[in-house]
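Examination of the molecular architecture
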Amino acid sequence: MGSCLSQCIIHYRNSQKETHATATSGGVHDYILQTDLDTECAICLETLKMGHWMSLLPCGHIFHTQCVFAWFNQKKVCPYCETPVEI
């Protein structure tokens, strides 16, 4: 996930400049993925593709926005590392 995460952070930073990114409470950042990635959302297991809405959590893990917010209805932690997330 390391190199894919680096790509996502780069695309996240670029998307901020293009005003595609929005910050939600708790430091979760939502953005539109600008390129396909060779990794999957750890929640739904679908490949991360250009145009998908993504959420970057404070711990650095990324998920489809709709997947992670559905997860947050059950637990307020990162699905991958269980770091608490305030939303």
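In every chain, residue numbers begin from 1 and rise along the written sequence. Owing to the predicted nature of the model, reporting of local features is limited to residues with pLDDT of at least 70; listing and counting of side-chain atom pairs is limited to 80 or more, with chain, interface and lining totals taken over all residues. The basis for every side-chain value is the complete set of heavy atoms in the structure, and neither hydrogens nor water enter the calculation.

Topic: the environment of Trp71
Elements are defined by DSSP. Helices are runs of H or I of four residues or more, strands are runs of E of two residues or more, and each kind is numbered from the N terminus. By the secondary structure assignment, Trp71 is in helix H2 (residues 65–72). When its relative accessible area of 28% is taken as the criterion, Trp71 is described as partly exposed. C-alpha separation for the pair Trp71 and Ile43, spaced 28 residues apart in sequence, amounts to 8.2 Å. Pairs of residues are marked as contacts when any of their non-hydrogen atoms sit within 4.5 Å. Trp71 has contacts with Ile43, Val77, Cys78 and Pro79, leaving out every residue within four places of it along the chain. For each residue, the accessible area found with a 1.4 Å probe, counting protein chains only, is set against the maximum for its type, and the residue is called buried under 20%, exposed over 50%, and partly exposed in between.

A word on the side chain of His64
You can see His64 is positioned in strand S4 (residues 62–64). If we ignore the near neighbours within four places in the chain, the residues touching His64 are Cys41, Cys44, Glu46, Thr47, Leu48, His52, Trp53 and Met54.

Points about unusual backbone geometry
Phi is positive for Leu45, which is not a glycine, with a value near 70°. Here Leu45 shows up in the loop between strand S2 (29–32) and strand S3 (53–56). Given the relative accessible area of 56%, Leu45 is considered exposed. Positioned with a positive phi, Glu82 is a non-glycine residue whose angle comes to about 65°. With respect to the helices, strands and loops of the structure, Glu82 is situated in the segment after H2.

Quick word on the environment of Gly51
Within the element layout of this structure, Gly51 appears in the loop between S2 and S3. Separated by 20 residues in the primary sequence, Gly51 and Tyr31 place their C-alpha atoms 9.2 Å from one another. Excluding residues within four positions of it along the chain, Gly51 makes contact with Ile32 and Leu33.

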